[in-house]
Amino acid sequence: AAAFGVRQAAAVYFKNAVKLRWGDPDERPLHAADKAQIKDGLLVLMVTVPTYVRRQVSEALAIISSHDFPDQWPTLLPALVERLMAAAK
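This text gives an overview of the structure that appears in the document. Sequence order sets the numbering: in each chain, residues are counted from 1 along the sequence as written. At least 70 in pLDDT is required for a residue's local features to be given in this predicted model, at least 80 for side-chain atom pairs to be given and counted, and no such filter applies to totals for whole chains, interfaces and linings, which use all residues. Based on all heavy atoms of the structure, the side-chain values leave hydrogens and waters out of the count.

1. Overview of the nonpolar core
- Buried residues of nine kinds, namely Ala, Val, Leu, Ile, Met, Phe, Trp, Tyr and Cys, make up a nonpolar core once their side-chain atoms join them within 4.5 Å. The buried label applies to any residue whose accessible area, calculated with a 1.4 Å probe on protein chains only, is under 20% of its type's maximum; exposed applies above 50%, and partly exposed to all values in between. Counting 18 residues, the largest nonpolar core has Val18, Leu42, Leu43, Val53, Leu61, Ile64 and Trp73 as the members making the most contacts within it.
- Breaking this core down by element, the ones donating at least two residues are helix 1 (4-21), helix 2 (32-48), helix 3 (51-68) and helix 4 (76-88). Under the DSSP-based scheme used, a helix requires at least four consecutive residues in state H or I and a strand at least two consecutive residues in state E, with every element numbered from the N terminus.

2. Considering the packing of aromatic side chains
- Geometry of aromatic contacts follows a simple scheme: Phe, Tyr and Trp rings, the Trp one being its six-membered ring, pair when their centres are within 6.5 Å, and the pair is stacked under 30 degrees between planes, edge-to-face over 60, tilted otherwise. A complete count under the given rule lists one aromatic pair for this structure.
- Relative to tyrosine 52, the ring of phenylalanine 4 has its centre 4.2 Å away and its plane inclined at 50 degrees; by these criteria the two rings are tilted. Of the two residues, phenylalanine 4 is situated in helix 1 and tyrosine 52 in helix 3; the sequence distance between them amounts to 48 residues.
- On the basis of relative accessibility, which here comes to 48%, the residue phenylalanine 4 falls in the partly exposed class.

3. Some points on the pattern of salt bridges
- Salt bridges are defined by distance alone: a side-chain nitrogen of Lys or Arg within 4 Å of a carboxyl oxygen of Asp or Glu. As enumerated under the stated definition, the model contains two salt bridges in all.
- As a salt-bridge pair, lysine 19 and glutamate 59 come within 3.7 Å of each other at their nearest N and O atoms. Of this pair, lysine 19 sits in helix 1 while glutamate 59 is found in helix 3, placing the two residues 40 residues apart along the sequence.
- A salt bridge links lysine 39 to aspartate 68; the nearest nitrogen and oxygen atoms lie 3.0 Å apart. In this pair, lysine 39 sits in helix 2 while aspartate 68 sits in helix 3, placing the two residues 29 residues apart along the sequence.
- Look at aspartate 68 and you get buried, because its relative accessible area is 4%.

4. Thoughts on the packing of helix 2 against helix 4
- All axes here are fitted lines through C-alpha atoms, helices being fitted over the stretch that makes contact, and every angle between N-to-C directions spans 0 to 180 degrees. Closest axis-to-axis distance for the helix 2/helix 4 pair is 10 Å, and the angle between their directions is 30 degrees. Taken together, the axes of helix 2 and helix 4 lie roughly parallel to each other. Relative to helix 4, helix 2 is oriented so that their crossing is right-handed. Contacts between helix 2 and helix 4 involve Leu43, Val44 and Val47 on the former and, on the latter, Leu76, Ala79, Leu80, Arg83, Leu84 and Ala87.
- Tallied by class, residues from the contact of helix 2 with helix 4 come to eight nonpolar, no polar and one charged. An angle below 35 degrees is treated as roughly parallel, one above 145 as roughly antiparallel, one from 65 to 115 as roughly perpendicular, and anything else as oblique. Each helix crossing is assigned a hand: it is left-handed if the near helix lies turned anticlockwise from the far helix by less than a right angle, otherwise right-handed if that turn is clockwise. Contacts are assigned to residue pairs with any non-hydrogen atoms lying within 4.5 Å of each other. Classes in brief: Ala, Val, Leu, Ile, Met, Phe, Trp, Tyr, Cys and Pro nonpolar; Asp, Glu, Lys and Arg charged; the others, Gly included, polar.

Following this line, the structure appears as structure tokens:
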């Protein structure tokens, strides 16, 4: 597994990239296919990464959902509930 500092730095970088590029069309916006892949993987990350990484992933999720939910991400809540319930078992 990657060292604590590396994982945390990667999580912060990811969160900052999402903040910069998700909703701002002037900042090299992400392609729709990339956005879909990120959204799919983000929910898995929420329940599988350590707490110190989860904080950054949670913030990225909040940023993305503020732009895309509910119109461009109608499956967010059911998928999130499903993942959290599966993780709690």
